Amino acid sequence: MDQTFQAVLAAIASFFVVSLILASVLIICKSEFKQQRRTDRSIPATRARNLVTPNPNHRPGPTTSSISICDSATFDPSLPHVSMQELVAATQGFSSDLIIGDGSFGLVYKARLNSGAVVAVKKLSPDAFQGLREFRAEMETLGKIRHPNIVKILGFCATGLDRVLIYEFIEKGSLDQWLYDTSSTEGNDVEPRLPLSWNTRMKIISGVANGVAYMHHKLDIPIIHRDIKTSNILLDADFGVHIADFGLARRIEGSHSHVSTQVAGTMGYMPPEYLDGATTATMQGDVYSFGVLLLEIVTGRRPSFPFPGEDGKEVRLMEWINKMVEKGKYVEMVDASISKDDLHKATVMEIFEIGVKCADEKCKNRPTMNDVVDHLKKILE
């Protein structure tokens, strides 16, 4: 047989074999694709809505792989079991129209549950991910806290990477809004917020002090909040204080006076030792933040925003207050929206002195929150 003819036959045979192989591969792939589509359609819609794209930078811990079903709990007898599906429905799929706050590691939504209860729902961001076992233990601890000046955690739901906390809903919103936002929007009505009076501000300061003192000194395992600031102070209908947002909180185990942790907090309220490289969170850090908060409430000035001082040069809150205290100008520092007619200079001076002591740059010089509560009672009662 001619060699050329043999080469042609070999080429034809090779082409036939390759085509057969490719056809087989296509048939197998098509079959698997159809099977995958049937599997995808079998996933319930409620589950599909709850799926969260994993954080590419997240490295699962030892308990992560065990999370495959919804886990939930309620800590208030008046609140029935709440599922993730109910929370999704109550927040309209976590609609931006229902956002009422932006806390540590997540947004807060207003929601009405099937029981009729109105609650605040906080959906934690994927960056706040932790193992389900640790998450449940932390929530159960905080869920047991019952104090008039600490917001109640009513329950939680966890599905896959989703973590949702359920809080009591506090009517008047945050202290930050009342100090700096002049209007309140409820539905289609807009009503102006009146400036907080001196007495109301003293009530708020006392409420925050009582709440922090309870966390520091009354619990079997003390809690450091680590983010005391105006936006984390919620006000009820009577301007009662409810400290909120425990996203950065840490418990102090055993007899230790501090916990080793990453530096956390908000600029302006963060104690100087954190900024200087200290790697521990302490009760004294909370005391500093409280001192700054007190001075902010009385002056109506944000601690992190510069403003013109007496000489026209820009200063920040603590620098300005220390200069004014040296000159004995206490009443002059009080928020301009407060009437000075009924103020007692001695009381104003003592309130400023408490704030300055708490916000002392040297942590050893700061009082305990129990001392602050006792001092406030003597001044204001």
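Residues numbered from 1 in each chain as written. Predicted model: local features only at pLDDT ≥ 70, side-chain atom pairs only at ≥ 80, totals over all residues. Heavy atoms only, no water.

By the naming in an unreviewed UniProt entry, the chain goes by non-specific serine/threonine protein kinase and is assigned to Perilla frutescens var. hirtella. As stated in UniProt under Subcellular location (unreviewed entry), the record for the chain gives "Membrane". The UniProt entry for the chain carries the following comment under Sequence similarities (unreviewed entry): "Belongs to the protein kinase superfamily." (UniProt positions renumbered as here; feature names shortened; annotations may be inferred.)

**Q** Got a minute to help me understand the side chain of Asp286 in this structure?
**A** Within the secondary structure, Asp286 sits in helix H8 (residues 283-299). It is Arg226 that comes nearest to the buried, bridge-free Asp286 among opposite-charge side chains, at 7.2 Å. Among the polar contacts listed, one links the side chain of Asp286 to the backbone nitrogen of His225, at a separation of 2.8 Å. (Helix = DSSP H or I, 4+ residues; strand = E, 2+ residues; numbered from the N terminus. Buried < 20%, exposed > 50% of the residue type's maximum accessible area, 1.4 Å probe, protein only. Lys, Arg positive; Asp, Glu negative; His and termini not counted. Salt bridge = Lys/Arg side-chain N within 4 Å of Asp/Glu carboxyl O. Polar contact = N/O pair within 3.5 Å; in protein donor to acceptor, adjacent residues only side chain to side chain.)

**Q** Explain the environment of Asn210 here, please?
**A** Within the fold, Asn210 resides in helix H6 (residues 198-217). For Asn210, a relative accessible area of 28% puts it in the partly exposed group. Sequence spacing of Asn210 and His147 is 63 residues, and the spatial spacing of their C-alpha atoms is 9.2 Å. Not counting chain neighbours up to four residues away, the residues in contact with Asn210 comprise His147, Asn149 and Val373. (Contact = heavy atoms within 4.5 Å.)

**Q** Can you walk me through the UniProt feature "binding site: ATP" (unreviewed entry) in the chain in this structure?
**A** The sites that carry the UniProt feature "binding site: ATP" (unreviewed entry) are, in the present numbering, Lys123. Following the sequence through the fold, Lys123 ends up in strand E4 (residues 118-124). Since its relative accessible area comes to 24%, Lys123 is described here as partly exposed. If near-sequence neighbours (up to four positions away) are discounted, Lys123 is found in contact with Phe94, Phe105, Gly106, Leu107, Tyr109, Asp162, Arg163 and Val164.

**Q** Just checking my understanding: could you explain unusual backbone geometry for this structure?
**A** In terms of backbone geometry, most residues other than glycine have negative phi values and most peptide bonds are trans. Backbone geometry places Gln92, a non-glycine residue, at a positive phi of 55°. If you trace the backbone, Gln92 turns up in the loop between helix H3 (84-90) and strand E2 (99-103). Positive phi values are uncommon outside glycine, yet Arg226 reaches one of about 75°. Structurally, Arg226 can be placed in the loop between strand E9 (223-224) and strand E10 (233-235).

**Q** Even after reading the chapter, I still don't get empty space enclosed by the protein, so can you show me in this structure?
**A** Empty pockets left among the atoms are what a rolling probe the size of a water molecule brings to light. Under the defined criterion, the tally for this structure stands at 3 cavities of 30 Å³ or more. The space that makes up the largest cavity amounts to roughly 70 Å³. Arg226, Asp227, Gly265, Tyr269 and Ser289 are the residues nearest the centre of the largest cavity, which is lined by 13 residues in total. Ranked by the residues each element gives to the lining of the largest cavity, the list is headed by H8, at 3 residues. Grouping the amino acids of the lining of the largest cavity by side-chain chemistry returns 6 nonpolar, 4 polar and 3 charged. (1 Å grid on protein atoms, 1.4 Å probe; cavity = no way out; pocket = protein on both sides within 12 Å on 5 of 7 lines; lining within 4 Å. Points joined across faces, edges and corners; volume = space filled by probe spheres on them. Nonpolar A, V, L, I, M, F, W, Y, C, P; charged D, E, K, R; others polar.)

**Q** Can you help me understand H8 in this one?
**A** Since the α-helix packs 3.6 residues into each turn, any two residues three or four apart lie on the same face. The end-to-end C-alpha distance of H8, which contains 17 residues, comes to 25 Å, matching closely the 24 Å that a straight helix rising 1.5 Å per residue would cover. For H8, the buried fraction is high: 15 of the 17 residues fall into the buried class. Positive phi appears at Gly300, one or two residues downstream of H8, with a value of about 70°. (Expected span 1.5 Å × (residues − 1).)

**Q** Mind showing me how you'd approach the packing of aromatic side chains here?
**A** The description of an aromatic ring pair uses the distance of the two centres, along with the angle that the planes make with each other. Throughout the structure, instances matching the rule amount to 5 aromatic pairs. When the ring of Phe94 is compared with that of Tyr109, the centres are 5.3 Å apart and the planes differ by 65°; the resulting orientation is edge-to-face. Of this pair, Phe94 sits in the loop between H3 and E2 while Tyr109 sits in strand E3 (residues 106-112), placing them 15 residues apart in sequence. Aromatic pair Tyr330 and Phe352: ring centres 6.1 Å apart, planes at 50°, arrangement tilted. With Tyr330 in the loop between helix H9 (317-326) and helix H10 (345-358) and Phe352 in helix H10, this pair connects stretches of sequence that are 22 residues apart. By relative accessible area, Tyr330 is classed as buried at 9%. Judged by its relative accessible area of 1%, Phe352 falls in the buried class. Of note, Arg301 hangs over the ring of Phe307, and the distance from its end group to the ring centre comes to 4.2 Å. Sitting over the ring of Tyr180, Arg302 keeps its end group 3.8 Å from the ring centre. (Phe/Tyr/Trp six-rings, centres within 6.5 Å; stacked < 30°, edge-to-face > 60°. Lys NZ or Arg CZ within 6 Å of the ring centre and 35° of its normal.)

**Q** What is the right way to look at the sheet that holds strand E6 (residues 162-168) in this model?
**A** If you trace the 6 strands from one edge of the open sheet to the other, you get E1-E5-E6-E4-E3-E2, paired in antiparallel fashion. Edge positions in the sheet fall to strand E1 (71-74) and E2, since each of these pairs with one other strand and no more. Strand after strand, the sheet turns through a mean of 20° between neighbouring axes, direction not considered. Direction of pairing for E3 relative to E4: antiparallel, over a ladder of 7 bridges. In the sheet register, Leu107 faces E4, and the bridge partner there is Lys123. (Pairing = 2+ DSSP bridges. Axes fitted to C-alpha atoms, helices over the stretch in contact; angles between N-to-C directions.)

**Q** What's the story with the pattern of salt bridges in this structure? I'm lost.
**A** Think of it this way: side chains of opposite charge can pair up when their charged atoms draw near. Applying the stated rule across the entire model yields 10 salt bridges. Asp335 is the partner of Arg201 in a salt bridge, and the nearest nitrogen-oxygen pair spans 3.1 Å. Residue Arg201 is found in helix H6, and its partner Asp335 is found in the loop between H9 and H10; the two are separated by 134 residues along the sequence. Here Arg201 and Asp335 have matching classes, each one buried. Taking the shortest distance from any N to any O, the salt bridge between Glu310 and Lys327 comes out at 2.8 Å. Taken together, the positions of Glu310 in the loop between strand E15 (307-308) and strand E16 (314-315) and Lys327 in the loop between H9 and H10 put the pair 17 residues apart, joining distant regions of the chain. On the basis of relative accessible area, Lys327 is assigned to the exposed category, the value being 53%. In this structure, a network of salt bridges that share partners links the residues Glu310, Lys327 and Lys329.

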